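So you can see what is in the structure, the chains are spelled out below.
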2 protein chains.
Amino acid sequence: MNRARRARAGRRPGGADTREEILVAARAVFAEHGYDRGTVRLVAATAAVDPALIYHYFDSKQQLFVAAMDLTWDWEALLPAIAEGPRHEMGERLVRTMLGLWEDPDVQPRFLGVVRAAVTDPGAAELVRALLTEGPIPILGRAIGTPDGGLRAMLAASHVMGLALLRYILRVEPLASADVETLVAIVGPTVDRYLTGSAPAR
Amino acid sequence: MNRARRARAGRRPGGADTREEILVAARAVFAEHGYDRGTVRLVAATAAVDPALIYHYFDSKQQLFVAAMDLTWDWEALLPAIAEGPRHEMGERLVRTMLGLWEDPDVQPRFLGVVRAAVTDPGAAELVRALLTEGPIPILGRAIGTPDGGLRAMLAASHVMGLALLRYILRVEPLASADVETLVAIVGPTVDRYLTGSAPAR
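Structure report, in brief.

What counts and how
Here, residues in each chain are numbered from 1, in the same order as that chain's written sequence. Here the convention is simple: chains get letters from A, ligands get numbers from 1, in the order in which they are written. Local features in this predicted model are restricted to residues whose pLDDT is 70 or higher, and side-chain atom pairs enter the listing and the counts only when it is 80 or higher, whereas totals over whole chains, interfaces and linings include all residues. Working from all heavy atoms in the structure, the side-chain values ignore hydrogens and water. Alignment of copies: least-squares fit on C-alpha atoms of residues with pLDDT of at least 70 in both copies. We call two residues in contact whenever any of their non-hydrogen atoms come within 4.5 Å of each other. What counts as a helix is a DSSP run of H or I of at least four residues, what counts as a strand is a run of E of at least two, and both are numbered from the N terminus. With axes taken as lines fitted to C-alpha atoms, and helix axes fitted only over the stretch in contact, angles between N-to-C directions fall between 0 and 180 degrees. An angle below 35 degrees is treated as roughly parallel, one above 145 as roughly antiparallel, one from 65 to 115 as roughly perpendicular, and anything else as oblique. By the definition used in this description, the sense in which the near helix is turned from the far one sets the handedness, with an anticlockwise turn below a right angle giving left-handed and a clockwise turn giving right-handed. Basically, the charged four are Asp, Glu, Lys and Arg, the nonpolar ten are Ala, Val, Leu, Ile, Met, Phe, Trp, Tyr, Cys and Pro, and anything else, Gly included, counts as polar. Two aromatic rings from Phe, Tyr or Trp, using only the six-membered ring of Trp, form a pair when their centres are within 6.5 Å; if the ring planes differ by under 30 degrees the pair is stacked, by over 60 it is edge-to-face, and anything between is tilted. Relative accessibility under 20% of the residue-type maximum defines a buried residue, over 50% an exposed one, and the middle range a partly exposed one, all with a 1.4 Å probe and only protein chains included. Accessible area that two parts lose when put together, with a 1.4 Å probe and added across both, is what the buried area reports. Salt bridge, as applied in this entry: a Lys or Arg side-chain nitrogen positioned within 4 Å of an Asp or Glu carboxyl oxygen. Whenever a nitrogen or oxygen atom comes within 3.5 Å of another N or O atom, the pair is scored as a polar contact, on the condition that within protein one atom can donate a hydrogen and the other can accept it, and that pairs from neighbouring residues in sequence are kept only if both atoms are in side chains.

**Quick notes on the relation of the copies chain A and chain B**
- With an axial shift of 0.0 Å and an RMSD of 0.1 Å, the rotation relating chain A to chain B amounts to 180°. In short, the pair behaves as if placed about a two-fold rotation axis. The rotation axis passes nearest to the C-alpha of Gly-162 of chain A in chain A, at a distance of 1.8 Å.
- Same-surface contact between copies: 98% of interface residues of chain A are shared with the interface of chain B.

See below:
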């Protein structure tokens, strides 16, 4: 979907290539220097363009970071994969979908970059906070349909993020080498308890 | 308990004060510069001692970091608070105990320092990995008593860490302002499902 969007954007004469070159440079700069020290000036130098041109395409450094990390694309495309199917298996589908992204060699470095930036840099933390509170998680919260639905959706997200932190960033065993379907089978119903708004089962 | 241990160590003439001064300096250096750039040389300069003296008290920079972050102390003291009481409320006690530590103004900066260091620095990640795989979590895993007990204990830990990440580091709402007992009531039974080794409840 992302590629398709890029291909469409490519029809805009001239501009798309420059925008794409800026994003490639930004990805390299943020990966090497982190968010804080990865300045717009440095991105401009790497892309061999004037810094003003970057602000022509992106309103702010945060927008540039989001675009470079490619976090805005396929949340909408992913939602049906989570929502469609038996309701009581939604947790499993959510965990399978999110772990699938983390396992993707094209996505994992970007997720790693975002988490690393968010944990150490207040600006990146602000941005991740916005992604979490304005993105698909509140939609999920409203779908749960209980007064604490928003809290439950965020708790489900916190479990998936903690799992990713231990498995992909700290690489802690036995989580790191567990296969995805084993994790889906154990974590899925746990997340499902949050999503279905069920009373705590003992 | 930690204070008591320090007091006992204080009987050793001279040494304990110097060791404590090194730890105070290390805490300040790691908090300001992070793990990677917080060198032993810098700690020595801050404590106004010779770097060799630091290696007299601590075998390595990692050991110094662990001691400065005070992560080795009260796990054993905490275990009874989690283990003692009705088995089906163990998850609630675990979540209450861990959130209690994160809420403690003396502990939170140290936890923050450790997570920040672990996410960005391979050496600190290695150290946190060791704390997670050799500390109280495998004990919990064996207590669960199922073949996948180790995995379940680490999944419970991953949920608590993810919750802390979103609540205390990224400060995402509605998690950040939820009161502790609300979280204990929702997250406790979820963690309990891992700890009691129960089959996934639908």
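After that view of the structure, there is still more to cover.
**Let's talk about unusual backbone geometry**
- Cis peptide bonds are those with omega within 30 degrees of zero, and the linkage from Glu-173 of chain A to Pro-174 of chain A qualifies with 5°.
- Positioned with a positive phi, Arg-171 of chain B is a non-glycine residue whose angle comes to about 55°.
- Relative to the helices and strands, Arg-171 of chain B is located in the loop between helix H11 (149–169) and helix H12 (180–195).

**Observations concerning the packing of helix H8 (residues 108–120) of chain A against helix H8 (residues 108–120) of chain B**
- H8 of chain B packs onto H8 of chain A with a crossing angle of 150° between their chain directions and a minimal axis gap of 9 Å. Classified by the interaxial angle, the pair formed by H8 of chain A and H8 of chain B is roughly antiparallel. Where H8 of chain A crosses over H8 of chain B, the handedness of that crossing is left-handed. Only Val-115, Arg-116, Val-119 and Thr-120 of chain B of H8 of chain B make contact with H8 of chain A, whose side of the interface consists of Val-115, Arg-116, Val-119 and Thr-120 of chain A.
- Taken together, the residues that form the contact of H8 of chain A with H8 of chain B break down as 4 nonpolar, 2 polar and 2 charged.

**Brief notes about the packing of helix H11 (residues 149–169) of chain A against H12 of chain B**
- Between H11 of chain A and H12 of chain B, whose axes approach to 12 Å, the crossing angle comes to 45°. The angle between H11 of chain A and H12 of chain B falls in the class oblique. Taken as a pair, H11 of chain A and H12 of chain B cross one another with a handedness that is right-handed. Along the contact surface, H11 of chain A presents Leu-151, Leu-155 and His-159 of chain A, while H12 of chain B presents Thr-182, Leu-183, Ile-186, Val-187 and Tyr-194 of chain B.
- Partitioning the contact of H11 of chain A with H12 of chain B into residue classes produces 6 nonpolar, 2 polar and no charged.

**A closer look at the packing of aromatic side chains**
- Per the stated rule, a full pass over the model turns up 8 aromatic pairs over all chains.
- On the basis of an interplanar angle of 75° and a centroid distance of 5.1 Å, the ring pair of Trp-102 of chain A and Phe-111 of chain A is categorised as edge-to-face. The same class applies to Trp-102 of chain A and to Phe-111 of chain A, which are both buried.
- Pairing Tyr-57 of chain B with Phe-58 of chain B gives two aromatic rings, centres 6.5 Å apart and planes at 50°, and the pair type is tilted.
- For Tyr-57 of chain B, a relative accessible area of 18% corresponds to the buried category.
- Judged by relative accessible area, which is 2%, Phe-58 of chain B ranks as buried.
- Connected via pairs of aromatic rings, a cluster forms that spans Trp-102, Phe-111 and Tyr-168 of chain A.

**Section: the interface of chain A and chain B**
- Each side of the interface is counted separately: chain A has 46 residues, and chain B has 45 residues.
- For the pair chain A and chain B, the two sides together bury roughly 4000 Å², of which 74% comes from carbon and sulfur.
- Interface area lost by chain A to chain B is led by Val-119, Leu-170 and Ile-186 of chain A, which between them contribute 16%.
- Linking chain A to chain B there are 0 salt bridges.
- At the boundary of chain A with chain B, the tally comes to 8 residue pairs in polar contact (both at pLDDT 80 or more).
- Within the residue set of the side of chain A that touches chain B, elements represented by two or more residues are H8, helix H9 (122–134), H11 and helix H12 (180–195) of chain A.
- Top contributing element to the side of chain A that touches chain B by residue count: H11 of chain A, with 12 residues.
- Taken together, the residues of the side of chain A that touches chain B break down into 27 nonpolar, 9 polar and 10 charged.

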